[in-house]
Amino acid sequence: QVQLVESGGGSAQPGGSLRLSCAASGIMLFYYTITWYRQAPGKEREWVATITSGGGGGSTNYADSVKGRFTISRDNAKNTAYLQMNSLKPEDTAVYYCNARYRNDTNRNYWGQGTQVIVSS
């Protein structure tokens, strides 16, 4: 059974930092493209950042709204992906979800349960 478990969410002040984790079981994240999404109250889910599979070079891409502030990474030994969030802003408040996708295989497309991030003074 495949599971993605996010952790690391919580409250932070503007300008602060949080690091989200996405721990996988049942799959090897090295072979998967990992994407972080977020959904703010009353808004649609939006893309935040992506890191391609290890075989795909592990390249990263970011939404303009987080570029230069957030960093996506993975630790293959721990089978865990991360989203380091610095210089947090109130508009970063959302539930953050990790997604693991194997190429374009819709049968191997997995989601975590989400972790809440609140940025407020």
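One structure accompanies this document, and this report is about it. (Residues numbered from 1 in each chain as written. Predicted model: local features only at pLDDT ≥ 70, side-chain atom pairs only at ≥ 80, totals over all residues. Heavy atoms only, no water.)

Quick look at the overall build of the chain now. Scanning the chain from N- to C-terminus turns up zero helices and 11 strands. Reading the chain from its N end, one meets helices and strands in the order β-β-β-β-β-β-β-β-β-β-β. Taken along its principal axes, the extent of the C-alpha atoms in the chain is 40 × 25 × 25 Å. Within the chain, residue pairs in contact and separated by at least 24 positions form 53% of the contacts whose partners lie at least 6 positions apart. Side-chain charges of the chain comprise 12 positive and 8 negative groups, with the mean position of each set lying 5 Å from the other. (Helix = DSSP H or I, 4+ residues; strand = E, 2+ residues; numbered from the N terminus. Contact = heavy atoms within 4.5 Å. Lys, Arg positive; Asp, Glu negative; His and termini not counted. Charge placed at Lys NZ, Arg CZ, Asp CG, Glu CD.)

A few words now on the sheet that holds strand 3 (residues 18-25). Spatially, 1-3-8-7 is the arrangement adopted by the four strands of the open sheet, whose pairing is antiparallel. Either end of the sheet is taken by a strand with one partner, and the two such strands are strand 1 (3-7) and strand 7 (70-75). Strand-to-strand twist of the sheet, defined as the mean angle between neighbouring strand axes without regard to direction, takes the value 15°. Summarising the sheet, strand 1 and strand 3 pair through five bridges and their orientation is antiparallel. Of the residues in strand 3, the one forming a bridge with V5 is A23. (Pairing = 2+ DSSP bridges. Axes fitted to C-alpha atoms, helices over the stretch in contact; angles between N-to-C directions.)

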